[in-house]
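# Structure at a glance
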Amino acid sequence: MTDIAIIDSPLSQSLIVEGHCFDIKIYRGAHTLWSLEVVNAKGTSFVWDELFPTDEDALGAALADFEASPVEDFLG
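These notes cover the structure that comes with them. (Residues numbered from 1 in each chain as written. Predicted model: local features only at pLDDT ≥ 70, side-chain atom pairs only at ≥ 80, totals over all residues. Heavy atoms only, no water.)

## Quick notes on helix H1 (residues 55–68)
Spelled out, the test is: Helix and strand labels come from DSSP, where a helix needs a run of H or I of at least four residues and a strand needs a run of E of at least two; each type is numbered from the N terminus. Multiply 1.5 Å by the residue count of a helix minus one, and that product is the helix's expected span. Remark: exposure states derive from per-residue accessible area (1.4 Å probe, protein chains only) relative to the maximum for the residue type, with buried under 20%, exposed over 50%, and partly exposed in between. This arc describes the spread of directions from the helix axis toward the C-beta atoms. Any two residues whose heavy atoms approach within 4.5 Å at even a single point are treated as in contact.
Across its 14 residues, H1 extends 20 Å between first and last C-alpha, which sits within 8% of the 20 Å expected from 1.5 Å per residue. Within H1, burial applies to Asp55, Ala58, Leu59, Ala61, Ala62 and Phe66. The arc that holds the buried residues of H1, viewed along the axis, is 155 degrees, so those residues lie on one side. Of the exposed residues in H1, those oriented more than 90 degrees away from the buried face are Glu56, Glu67 and Ala68. Looking at the buried residues of H1, the elements they touch are strand E2 (13–17), strand E3 (20–29) and strand E4 (35–40).

This is how it looks when you write it as structure tokens:
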């Protein structure tokens, strides 16, 4: 079995929206595009189906979704 090295983006961060804390996690394998995951305070994970060419694109997608969607969408 081969271990896959995960590369975490330095753009991963915590974000507080309307008093709720979320962790924005951006990561990839050595030879893959960037994945985006948002985890709320209860540990519920939301993973985007889309992969992103850059970590900046992934962060932009997360922030745009927080702007466009009610916070309840991320509370699970």
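Moving on from the coordinates now.
## Quick word on the nonpolar core
The nonpolar side chains of a soluble globular protein tend to be buried with one another. Condition: Residue types Ala, Val, Leu, Ile, Met, Phe, Trp, Tyr and Cys, when buried and joined through side-chain atoms within 4.5 Å, form a set referred to as a nonpolar core.
Among the nonpolar cores identified, the biggest contains 17 residues, and Phe22, Ile24, Ile26, Leu36, Val38, Phe52 and Phe66 are the most heavily contacted of them. Put simply, the parts of the chain that give this core at least two residues each are E2, E3, E4 and H1. A total of five residues in this core trace back to one element, the largest contributor, which is H1. In contact with Ile26, not counting residues within four places along its chain, are Ile7, Asp8, Ser9, Leu11, Ser12, Trp34, Ser35, Leu36, Asp55, Ala58 and Leu59.

## Here we look at the side chain of Glu37
Selection criterion: For the purpose of charge, His is not counted, nor are the chain termini; Lys and Arg are scored as positive and Asp and Glu as negative. What counts as a salt bridge is simple: a side-chain nitrogen of Lys or Arg found within 4 Å of a carboxyl oxygen of Asp or Glu. Think of a polar contact as two N or O atoms within 3.5 Å of one another; within protein, one of them needs to be a possible hydrogen donor and the other a possible acceptor, and neighboring residues in sequence only count if both atoms come from side chains.
Among the structural elements, Glu37 can be located in strand E4. Among buried Asp, Glu, Lys and Arg side chains, Glu37 stands out as unpaired, with Lys25 the closest opposite charge at 5.4 Å. A polar contact of 2.5 Å, which involves the side chain of Glu37, links it to the side chain of Ser45. The residues contacting Glu37, other than those within four sequence positions of it, are Asp23, Ile24, Lys25, Tyr27, Ser45, Phe46, Val47 and Trp48.

## Quick word on unusual backbone geometry
Look at Glu18: it is not a glycine, yet its phi comes out positive at around 50 degrees. By the element assignment, Glu18 lies in the loop between E2 and E3. On the accessibility criterion, Glu18 (63% relative accessible area) is exposed.

## Digging into the environment of Val71
Relative to the helices and strands, Val71 resides in the segment after H1. According to the relative accessible area criterion, Val71 is buried, its value standing at 3%. Taking C-alpha positions, Val71 is 7.0 Å from Val17, a pair spaced 54 residues apart along the chain. Val71 has contacts with Val17, Glu18, His20 and Phe22, leaving out every residue within four places of it along the chain.

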